[in-house]
Amino acid sequence: MHKRRFCLLAACCFLFFKIDAQQSTVDSTDKKVKALLVKMTLEEKIGQLNQYSNDIKVTGPITVYDSKLEDIAKGKVGSMLNVSGAIATREMQKVAMKSRLKIPLLFGLDVIHGYRVTFPIPLAEAASWDMDAIERSARIAATEASASGVHWTFAPMVDIARDPRWGRVMEGAGEDPYLGSLIATARVKGFQGKGLGNLDAVMACAKHFAAYGAAIGGRDYNSVDMSLHTLWQVYLPPFKAAAAAGAATFMNSFNDLNGIPATGNRYLQRDILKGKWGFKGFVVSDWGSVGEMIPHGYAADKYEAAEAAITAGSDMDMESRAYTENLKKLVEDGKVNEALIDDAVYRILYKKFELGLFDDPYRFSDEQREKQVLDKPEHQEAARDMGRKSIVLLKNQHSLLPVSSSVKSIALIGPLVKAEKDMKGFWSIDWGKDERPVSLFEGIKQQAGRIKINFAKGCNINDSSKAGFAEAIKLARSSDLVIIAAGETADMSGEAKSRANIHLPGVQEDLIKAIHATGKPVVVILMAGRPLVFNWTAEHVPSILYTWWLGSQAGNSIADVLFGKYNPSGKLPISFPRSEGQIPVYYNYLNTGRPGPEEEAGGYNTGYIDMPRLPQYVFGHGLSYTTFEYKDLTVSKSQLMTGDAAEISFVLTNTGKVSGEEVAQLYLRDVVAQPIRPVKELKDFQKVFLKPGESKKITFKIDREKLSFYDSELNWIAQPGKFDIYIGSSSKDIRLQGNLYLQQ
Ligand code: GLC
């Protein structure tokens with residue numbers, strides 16, 4: 001007993017001193033920032049709010065301006081983006097040290113899915129539903145980038161997206177607020193590691209605040225028009241999670257929200273982010289978005305745009321120059337209170353102190369450390385593992401996969417079989433070393449052993465020529481198995497890459513039909529940064545893998561799955577529409593007064609007359625080389641009173657012949673509520689590894705928080721009533737059902 005008491009006391013003391021130590025650090029940094037702030041002229045303060053891009057690697061419409069280095073030397077620049085490398089950052093930092101107060105620059109970069117080693121695109125990583133793996137991916141990216149002088153990544157992008165026409169769907173975590181919030185947290189933790197100031201930590205940046213993924217028509221940069229209820233219920237949760245995880249910065253978005261550009265949106269940036277959520281970091285605009293309030297029609301000129309943005313809480317101006325050109329006059333004209341500028345400067349300087357840049361401005365620009373950290377084999381292995389886990393097996397009739405030992409020859413056909421650069425996807429960084437990702441062809445060749453491998457391209461990705469069909473058909477006829485690799489090019493998704501038509505481009509599906517007509521067994525591998533429409537293939541081809549863009553190790557990751565070294569475990573983080581006409585299509589929809597069967601067309605219901613409203617593949621869908629049984633559902637307490645929690649348990653069994661992982665998903669439906677609630681919402685999941693025949697009891701805990709939602713007045717409440725419980729292998733493949741009641 002004494003021992004226990006002693007341990008408890010020791011733990012409390014430790015905790016007290018830890019908190020005390022943290023507070024004293026906060027106090028001392030606060031003092032340092034304030035001591036510097038009082039020395040600064042208005043021009044120097046405005047300089048800290050100004051960010052330029054490097055002219056070499058640009059990620060937006062660049063304004064070529066020759067005096068950037070002069071401005072840096074005069075203390076008129078607080079941050080640079082698109083500069084990286086120990087040498088380049090050190091040289092540029094030296095210029096900043098010429099300024100009167102020697103305030104170091106922040107170097108920001110879009111390290112979205114890897115720095116030197118490219119990991120799968122974020123939407124692919126989301127398909128892994130593996131938070132540890134996702135955090136590790138971000139951790140490695142941060143380790144590499146910080147060794148190359150980068151202080152700040154413009155990630156994670158946490159925009160919920162229900163419209164695959166939007167090219168940036170590739171950059172996020174799909175359509176679900178719960179999954180998106182967990183992934184936002186994992187990525188912020190991965191990037192920031194043990195905290196700012198550690199040499200392998202970079203500042204995270206939750207973006208794009210907010211609701212950028214709901215652009216009308218899926219057109220990038222387009223308007224967003226939604227109720228505040230939908231904003232809070234669907235689009236804000238991942239941002240709230242990122243803030244709670246300690247994201248150092250936020251980036252606002254290009255879109256207007258209900259007629260007010262996010263960059264000039266006080267409600268978003270001051271009322272919600274800095275107010276309700278108590279965010280202490282700083283907000284950077286998106287590329288030129290301060291100045292873009294002029295074409296938005298929200299400001300007549302940069303003077304008005306700068307006033308709107310700084311007033312609304314946009315602390316740093318990326319590349320528009322509105323701040324550096326107008327803020328001084330705005331203060332002199334009495335339009336902007338200097339206190340607003342002081343607050344923005346305080347937030348930015350605070351991060352520079354936290355990063356240790358005032359102690360040593362060059363601490364991240366160490367060539368030796370850069371050489372030691374980059375090109376580590378274990379980083380490549382981690383990318384290969386993340387790639388395997390991101391692959392989704394959409395279909396596998398007659399267990400055509402994994403490749404049977406009886407197969408003696410494989411025909412590799414299609415325009416993406418030998419593709420290399422495309423494997424990296426959009427937002428991949430090619431910093432100097434012209435890294436060649438592992439193509440599908442190479443990956444298969446390395447593992448094929450005695451199997452004869454032949455290749456025919458068959459067609460291009462996006463033109464109408466069928467000249468290659470004959471050769472491909474001939475090769476298919478002479479092979480035991482055909483593997484077709486089709487999809488988009490990597491630059492058909494990403495920023496400013498919206499597509500009105502998201503079918504397989506060119507004549508690729510005609511090629512698939514022609515090869516299928518040979519009667520040979522066909523596996524189709526689809527590579528893209530978004531869901532595509534490929535209905536004929538979905539209905540006729542026996543085995544389909546969706547491999548997104550898997551990065552540096554793509555070919556090896558896919559070959560690991562094809563040859564059964566890894567049993568696919570991915571689950572779709574976003575619905576796959578049957579047609580662009582179904583968009584927006586998502587699983588957590590409202591039932592309507594005439595729901596009707598989602599599998600059927602026609603009738604007096606909310607479907608279409610020309611196709612079912614059910615998507616081609618639903619949220620949470622993904623198959624395995626084994627099978628899983630769900631049984632023995634129990635609900636520990638079906639009547640919940642205030643403060644109660646229920647445990648929902650069941651037994652999951654691997655009923656197949658090979659080991660595998662299953663993502664068991666828990667959905668709830670609040671059957672009667674005001675306002676009405678979706679037909680189901682993801683509330684928990686567990687990814688479980690089971691050997692053949694092995695069983696495991698899975699338990700989910702449901703408390704009032706999981707039953708709560710925003711009412712029409714945006715109060716976070718739970719309403720008494722019945723909740724349906726759905727447990728399944730996808731949002732549609734429900735294996736167990738039950739219910740519970742909230743009494744009050
Ligand atoms: C781009 C993107 C943003 C990115 C920034 C800097 O326009 O919208 O996500 O971080 O500019 O490259």
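See the structure printed just above.
For clarity, every value in this text was computed on a predicted model and none was experimentally measured.

Novice: Is there a simple way to explain the site of the ligand in this structure?
Specialist: As a matter of local geometry, the ligand sits amid 13 residues, with Thr 59, Asp 110, Arg 168, His 208 and Asp 286 nearest to it. A distance of 2.5 Å separates an oxygen atom of the ligand from a polar side-chain atom of Asp 110. Within the contact set of the ligand, an oxygen atom lies 2.6 Å away from a side-chain nitrogen or oxygen of His 208. Protein contact buries 100% of the 310 Å² of open area that the ligand shows by itself. Of the residues belonging to the shell around the ligand, the class tally is six nonpolar, two polar and five charged.

Novice: For this particular structure, what's the right way to read the sheet that holds strand β9 (residues 282-284)?
Specialist: Backbone-to-backbone hydrogen bonds join strands into a sheet, with any given pair of strands oriented parallel or antiparallel. What the three strands build is an open sheet, ordered β5-β6-β9; its pairing is parallel. Both edges of this open sheet fall to β5 (205-209) and β9, since each of them pairs with a single strand only. Averaged over neighbouring strand pairs, the angle between their axes works out to 25° when direction is ignored. Here four bridges tie β5 to strand β6 (residues 249-252), and the two strands are oriented parallel to one another. Along β6, the bridge assignment pairs Ala 206 with Phe 250.

Novice: Which parts of the structure should I look at to understand the packing of aromatic side chains?
Specialist: Two aromatic rings are characterised by how far apart their centres lie and by the angle between their planes. Tallied over the full model, the rule gives 30 aromatic pairs. The interplanar angle of 70° and the centroid separation of 5.2 Å between the aromatic rings of Trp 152 and Phe 282 together place this pair among those described as edge-to-face. Of this pair, Trp 152 sits in strand β4 (residues 152-153) while Phe 282 sits in strand β9; the two residues are 130 residues apart in sequence, bridging distant segments of the chain. Trp 152 sits in the buried class, given a relative accessible area of 0%. Aromatic pair Trp 232 and Trp 277: ring centres 6.3 Å apart, planes at 85°, arrangement edge-to-face. On the criterion of sequence distance, the pair formed by Trp 232 in helix α8 (residues 228-235) and Trp 277 in the loop between α10 (266-276) and β9 is long-range, its members being 45 residues apart. Of the aromatic side chains, those joined through ring pairs into one cluster are Phe 209, Trp 232, Phe 239, Phe 250, Trp 277, Phe 279, Tyr 710 and Trp 716. A cation over a ring is seen here: Arg 162 above Tyr 586, with NZ or CZ 3.6 Å from the ring centre. The ring of Phe 441 has Lys 418 lying over it, and the distance from NZ or CZ to the ring centre is 4.4 Å.

Novice: It is not clear to me how the pairing of strand β12 (residues 409-413) should be interpreted in this structure. Could you clarify?
Specialist: Two faces make up the sheet, and in a regular strand the side chains alternate between them. For β12, the tally of buried residues reaches five of five residues, placing the bulk of the element in the interior. Inspection of the sheet shows β12 paired to strand β14 (residues 481-487) by four bridges, in the parallel sense. Across the sheet, residue Ile 413 finds its bridge partner in β14, namely Ile 484.

Novice: What exactly am I supposed to notice about the sheet that holds strand β13 (residues 452-456) here?
Specialist: Sheet architecture is open: six strands sit in the order β11-β16-β15-β14-β12-β13, paired in mixed fashion. For this open sheet the edge positions go to β11 (392-396) and β13, each flanked by a neighbour on one side alone. Each adjacent strand pair in this sheet contributes to an overall mean axis angle of 20°, direction not counted. In this sheet, strand β15 (residues 522-527) lies alongside β14 in parallel orientation, the contact comprising six bridges. Paired with Ala 486 across the two strands is Leu 526, which belongs to β15. Docked against the sheet, helix α17 (residues 440-447) engages β12, β13, β14 and β15, running at close to 165° with respect to β13. Strand contacts of helix α19 (residues 508-516): β12, β14 and β15, with the helix running at about 170° to β14, the strand carrying the most contacts.

Novice: For this particular structure, what's the right way to read unusual backbone geometry?
Specialist: Trans is the prevailing form of peptide bonds, just as negative phi is the prevailing case for residues other than glycine. Here the amide bond leading from Lys 207 into His 208 is cis, since omega sits at 0°, within 30 degrees of zero. Ala 210 follows Phe 209 through a cis peptide bond whose omega is 10°. Structurally, Ala 210 can be placed in the loop between β5 and α8. A positive phi angle, near 55°, is found at Lys 102, a position not held by glycine.

Novice: So what exactly am I meant to see when it comes to the environment of Asp 176 here?
Specialist: Among the structural elements, Asp 176 can be located in the loop between β4 and α7 (177-192). The spatial distance from the C-alpha of Asp 176 to the C-alpha of Arg 530 is 15 Å, given a sequence separation of 354 residues. In this structure Asp 176 touches Ile 160, Pro 573, Tyr 587, Asn 588, Phe 619 and Leu 682, once residues within four positions along its chain are discounted. Here the side chain of Asp 176 touches Leu 179 through a polar contact of 2.8 Å, landing on its backbone nitrogen. Within the local environment of Asp 176, its side chain forms a polar contact with the side chain of Tyr 587, the two groups lying 2.6 Å apart.

Novice: It is not clear to me how the nonpolar core should be interpreted in this structure. Could you clarify?
Specialist: Note on soluble globular proteins: their nonpolar side chains tend to be buried together. If you look at the biggest cluster of nonpolar residues, it comprises 176 residues, and the most contacted ones within it are Ile 413 and Phe 534. The element contributing the most residues to this core is helix α14 (residues 338-354), with seven residues. The two domains that each donate at least three residues to this core are domain 1 (21-370) and domain 2 (392-569). In this structure Ile 413 touches Ala 456, Lys 457, Ala 472, Leu 475, Ala 476, Val 482, Ile 483, Ile 484, Ala 485, Leu 511 and Ile 515, once residues within four positions along its chain are discounted. In terms of nonpolar packing, the next biggest core, distinct from the first, is built from 23 residues, Ala 646, Leu 668, Ile 702 and Leu 707 among them.

Novice: Explanation requested: the pattern of salt bridges in the structure shown.
Specialist: When the charged atoms of two side chains lie near each other, side chains of opposite charge can form a pair. According to the stated counting rule, one finds 42 salt bridges in the structure shown. Glu 44 is the salt-bridge partner of Arg 100, the closest N and O atoms lying 2.7 Å from each other. Within this pair, whereas Arg 100 is found in the loop between α4 (86-96) and β3 (106-109), its partner Glu 44 is found in helix α2 (residues 42-48), the two being separated by 56 residues in sequence. On the basis of relative accessibility, which here comes to 54%, the residue Arg 100 falls in the exposed class.

What counts, and where the lines are drawn
- Residues numbered from 1 in each chain as written.
- Predicted model: local features only at pLDDT ≥ 70, side-chain atom pairs only at ≥ 80, totals over all residues.
- Heavy atoms only, no water.
- Near = heavy atom within 4 Å.
- Polar contact = N/O pair within 3.5 Å; in protein donor to acceptor, adjacent residues only side chain to side chain.
- Areas by Shrake-Rupley, 256 points an atom, 1.4 Å probe, with all protein chains shown as cover.
- Nonpolar A, V, L, I, M, F, W, Y, C, P; charged D, E, K, R; others polar.
- Pairing = 2+ DSSP bridges.
- Helix = DSSP H or I, 4+ residues; strand = E, 2+ residues; numbered from the N terminus.
- Axes fitted to C-alpha atoms, helices over the stretch in contact; angles between N-to-C directions.
- Phe/Tyr/Trp six-rings, centres within 6.5 Å; stacked < 30°, edge-to-face > 60°.
- Buried < 20%, exposed > 50% of the residue type's maximum accessible area, 1.4 Å probe, protein only.
- Lys NZ or Arg CZ within 6 Å of the ring centre and 35° of its normal.
- Contact = heavy atoms within 4.5 Å.
- Core = buried A, V, L, I, M, F, W, Y, C linked by side-chain atoms within 4.5 Å.
- Domains from an automatic or database assignment.
- Salt bridge = Lys/Arg side-chain N within 4 Å of Asp/Glu carboxyl O.

Purely geometric stuff here, so don't read any function into it on its own.
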